[in-house]
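# Topology and contacts: notes
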Number of protein chains: 2
Amino acid sequence: MEDRRNDGQRPPATLASIAARVGVSANTVSRALRAPDTVRPELRRKIATAMEDLNYVPNRLAGGLAGTRSDLVGVVVTSLYYSEFATIVDRLQSTLLASNLHVMLANTRYDADEELKLVRSMLSWRPAAIAIIGVDHHPKVNDLLRHSGVPIVEMWDLDGDVIDSAAGLDHGEIGAAQARHLIERGYRNLAFLGSMREIDARAAKRAAGMRRLAERQGLPPVVMKTRAEPGHPDLGEALCLELLADNPAIDGIVCNSDTVAYGVLRGLRKLAKNVPEDVGVIGFGDAEASACLTPTLSSVRPDRDNIGRLSAEIILERLRDKPSRIAPIDWDIVARDSSRRGMPTIGNDM
Amino acid sequence: MEDRRNDGQRPPATLASIAARVGVSANTVSRALRAPDTVRPELRRKIATAMEDLNYVPNRLAGGLAGTRSDLVGVVVTSLYYSEFATIVDRLQSTLLASNLHVMLANTRYDADEELKLVRSMLSWRPAAIAIIGVDHHPKVNDLLRHSGVPIVEMWDLDGDVIDSAAGLDHGEIGAAQARHLIERGYRNLAFLGSMREIDARAAKRAAGMRRLAERQGLPPVVMKTRAEPGHPDLGEALCLELLADNPAIDGIVCNSDTVAYGVLRGLRKLAKNVPEDVGVIGFGDAEASACLTPTLSSVRPDRDNIGRLSAEIILERLRDKPSRIAPIDWDIVARDSSRRGMPTIGNDM
DNA sequence: TTGAAAGCGCTACCAA
DNA sequence: TTGGTAGCGCTTTCAA
């Protein structure tokens, strides 16, 4: 197959090559870019034309090295799937872009070693700030971030040792609220089910909040049914079948994610258990499909837009030397049919 | 609130500061990092300790500027949602990382101007290669990429003017296959429904493939029902209600994404249309939830793993000066209940 | 309004 | 096995 790439071409244009072509100094070209007002309009136009002609793209390695500040914000997430953090990243990016900050994204895939590598890699670009999912990191990661000298915003969680600033949820409280939701509707024998990776402290916090509440209410201990695999409906179904086989009395299931809950609903159907009459189910995250299942799935909806927007705003504030802060983010329980025991099904949620 | 950030600290450690501390030249420290074998083990250990102590993080701006090659691969996607491209990015990243190439991600959000800005921004980091979704770009983007002098891999699509290499699907063929799937099951009055942004040439190609097939088969013209909004179940439901109100004869709906199809199924339920008896529905993308809906949703499953892996491999090949190539990616139709007209429902897909 | 010169932190090359 | 030197392409003074 022929080589379509325009190879063997001249090296990329530099400021100097533009300058030479126009007949000015590199300095002037640089100013035409960063402070156009200080360059004669006519000259400015000539320079712009030369840049177009030569397909000039500024070299940020050089710019960043020479300059004082970077326009790069590093964003470290644990996963890209299931809209879990996609909305956050999206909002973060669009808000930062409005202030001309560019996002560089890294994905740890829930791997602590990977997190360390990626944070190190991220910092090596000398970013203006870092946004990262969670507050529970590899100790070395905490160290690196703390000594980085740039603003750090931890997102999604805020229960723990915050490095600089945070915008997140109180997962312990959410776990308790999930349990309360089921208990109020008459479910008594609760289980927590789903994917739970070691690095995912948020899941553990929700489970703990749930257990505390059940205990306070004098209910049987919460049965834990988790596995360290990525969340997927198939995992949910498998865990659900195991759970009910070992604990037939279970009548309320809190899932670690909506995706897993989808599989749980499927599993319960296979076991001929009615939802919500026999078993109540609630998920976490309120994925798009949750209002389209049969029965529709109750869930917890974090205000993701706000996490992204607020994290960006905190970064901008910190860059202007405003004080750090810890911002709790709103969430609510979306009660749908999967936990509507004893109540008439009112049809699909709009 | 107090300031948790360790501010006012000494500037980040440099190679020189490490060198000074150990009492060697910066050069040696650099080699200790890039070619450890050329440094005495004892010295190497001392250097490593100093780096630990000073929390040294190499400055890639300087390294990239001085060195000959970059270990950065720019990845440009159109969206981060619905696992559409998340799996691809994930696979791409993990494959590249194995060769010590780091991914920098940008998200155009289906905005052509944004694409131009982001590609320019990407190139300004002097990446070793670029992977980008689609083959239909802003003309200026084509220009920039073509002149960038680095390998370019276009992903997800391959029907059009490929810049360098591609790993993707033939969307026209997929559209035809979706239509054929419905036609074979007895559906006759077809519609194409969903989100369709101007920049999303893939959707247009699938719709065109579908229309061509319907015409060849002498069926009524395919009704188009699209809107330039992001795909979401609510959009699907709204479009579905409109569609059936204006075209009551429609009995086969090809959706532009599974997410939109979820809303279509909900809309059809509200209209008291039975799926698959009255209306057949097929989506695109095979999202996780599709096997969990009632009825389960038929869809097209692209081999996303392969797109990501292959794109990474092509990049590695190109960096070793192997020839460019255009790699068609497998896909198949996952036939589930939503298009199983006249056939007994066999229960939930596993 | 423009230019000259220094230097950001690193790598590459050559010499020791 | 180590060190010296010369840049990489840009920004930042300062001077013209």
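As the structure is a computational prediction, the values presented were derived from the model and not from experiment.

## Quick notes on the overall build of chain A
Secondary structure assignment for chain A yields twelve helices and twelve strands. Taken over the C-alpha trace, chain A has a radius of gyration of 26 Å; the compact-globule value for 350 residues is 20 Å, which it surpasses by more than 25%. Taking the principal axes of the C-alpha coordinates as reference, chain A spans close to 85 × 50 × 35 Å. A burial count over chain A gives 58% of its 350 residues as buried. Considering only contacts in chain A between residues 6 or more positions apart, those separated by 24 or more positions represent 69%. Approximately 13800 Å² of chain A is accessible, and the part contributed by carbon and sulfur atoms is 50%. On chain A, the mean spot of the 45 positive side-chain charges and the mean spot of the 47 negative ones are 5 Å from each other.

## Let's talk about the pattern of salt bridges
For the structure shown, the criterion picks out 50 salt bridges over all chains. A salt bridge links glutamate 242 of chain A to lysine 225 of chain A; the nearest nitrogen and oxygen atoms lie 2.9 Å apart. Residue glutamate 242 of chain A is located in helix H10 (residues 233-246), and its partner lysine 225 of chain A is located in strand E7 (residues 223-227); the two are separated by 17 residues in the primary sequence. Looking at glutamate 242 of chain A, the relative accessible area reads 32%, which means it is partly exposed. Between arginine 21 of chain B and aspartate 53 of chain B there is a salt bridge; the shortest N-O distance is 3.1 Å. Here arginine 21 of chain B, found in helix H1 (residues 15-22), pairs with aspartate 53 of chain B, found in helix H3 (residues 41-53); they are 32 residues apart in sequence, far enough to count as distant. Each of Lys225, Arg227, Glu229, Glu242 and Asp246 of chain A takes part in one network of salt bridges that share partners.

## Structural notes on the interface of chain B and chain A
The partner chain A presents 82 residues to the 82 residues of chain B that form the contact. Summed over both sides, the interface of chain B with chain A buries roughly 7600 Å², with 51% coming from carbon and sulfur. Put simply, chain B and chain A have four salt bridges between them. Across the pair glutamate 52 of chain A and lysine 140 of chain B runs a salt bridge, and its minimum N-O distance is 3.5 Å. Run the count over chain B and chain A and you get 20 residue pairs in polar contact (both at pLDDT 80 or more). Listing elements by their share of the side of chain B that touches chain A, those giving two or more residues are helix H4 (60-66), helix H5 (86-97), strand E2 (102-107), helix H6 (112-123), helix H7 (139-147), helix H10 (233-246) and helix H11 (258-270) of chain B. Per-element tally for the side of chain B that touches chain A: the top contributor is H5 of chain B, with seven residues. The class makeup of the residues in the side of chain B that touches chain A is 35 nonpolar, 22 polar and 25 charged.

## A short note on the protein's contact with DNA strand D
Taken together, 24 residues surround DNA strand D, and among them Leu15, Ser30 and Tyr56 of chain A together with Asn27 and Thr28 of chain B come closest. By atom count, sugar and phosphate contribute 64% of the portion of DNA strand D lying within 4 Å of the protein. Leucine 65 of chain B places a polar main-chain atom, nitrogen or oxygen, 3.4 Å from a base oxygen of DNA strand D. Elements that contribute at least two residues to the surface near DNA strand D include exactly helix H2 (26-34) and helix H4 (60-66) of chain A together with helix H2 (26-34) and H4 of chain B. Classifying every residue of the surface near DNA strand D by side-chain character gives nine nonpolar, eleven polar and four charged.

## A few points about unusual backbone geometry
For the bond from threonine 294 of chain A to proline 295 of chain A, the omega torsion is -5°, close enough to zero to count as cis. Residue placement: proline 295 of chain A occurs in the loop between strand E9 (280-282) and strand E10 (299-302). Phi at tyrosine 110 of chain B is positive, roughly 55°, even though this residue is not glycine. The topology assignment puts tyrosine 110 of chain B in the loop between E2 and H6.

## Topic: the protein's contact with DNA strand C
Near DNA strand C you find 24 residues, and of these Asn27 and Thr28 of chain A together with Leu15, Ser30 and Tyr56 of chain B are the closest. If you look at DNA strand C and keep only atoms within 4 Å of the protein, 63% of those are sugar or phosphate atoms. Contact between DNA strand C and alanine 62 of chain B: a base nitrogen at 3.2 Å from a main-chain N or O atom of the residue. Elements supplying a minimum of two residues to the surface near DNA strand C: H2 and H4 of chain A together with H1, H2 and H4 of chain B. The residue makeup of the surface near DNA strand C, split by class, is ten nonpolar, eleven polar and three charged.

## Let's talk about the confidence of the model for chain A
Confidence along chain A averages 92 in pLDDT terms, with 94% of residues attaining 70 or more. Throughout residues 1-8 of chain A the model reports pLDDT below 50, and contacts reaching past four residues in sequence, or to other chains, amount to 23 contacts.

Cut-offs and rules
- Residues numbered from 1 in each chain as written.
- Chains lettered and ligands numbered in written order.
- Predicted model: local features only at pLDDT ≥ 70, side-chain atom pairs only at ≥ 80, totals over all residues.
- Heavy atoms only, no water.
- Helix = DSSP H or I, 4+ residues; strand = E, 2+ residues; numbered from the N terminus.
- Rg over C-alpha atoms; globule rule 2.2 N^0.38 Å.
- Buried < 20%, exposed > 50% of the residue type's maximum accessible area, 1.4 Å probe, protein only.
- Contact = heavy atoms within 4.5 Å.
- Areas by Shrake-Rupley, 256 points an atom, 1.4 Å probe, with all protein chains shown as cover.
- Lys, Arg positive; Asp, Glu negative; His and termini not counted.
- Charge placed at Lys NZ, Arg CZ, Asp CG, Glu CD.
- Salt bridge = Lys/Arg side-chain N within 4 Å of Asp/Glu carboxyl O.
- Buried area = accessible area lost by both parts, 1.4 Å probe.
- Polar contact = N/O pair within 3.5 Å; in protein donor to acceptor, adjacent residues only side chain to side chain.
- Nonpolar A, V, L, I, M, F, W, Y, C, P; charged D, E, K, R; others polar.
- Near = heavy atom within 4 Å.
- pLDDT = per-residue confidence, 0-100.

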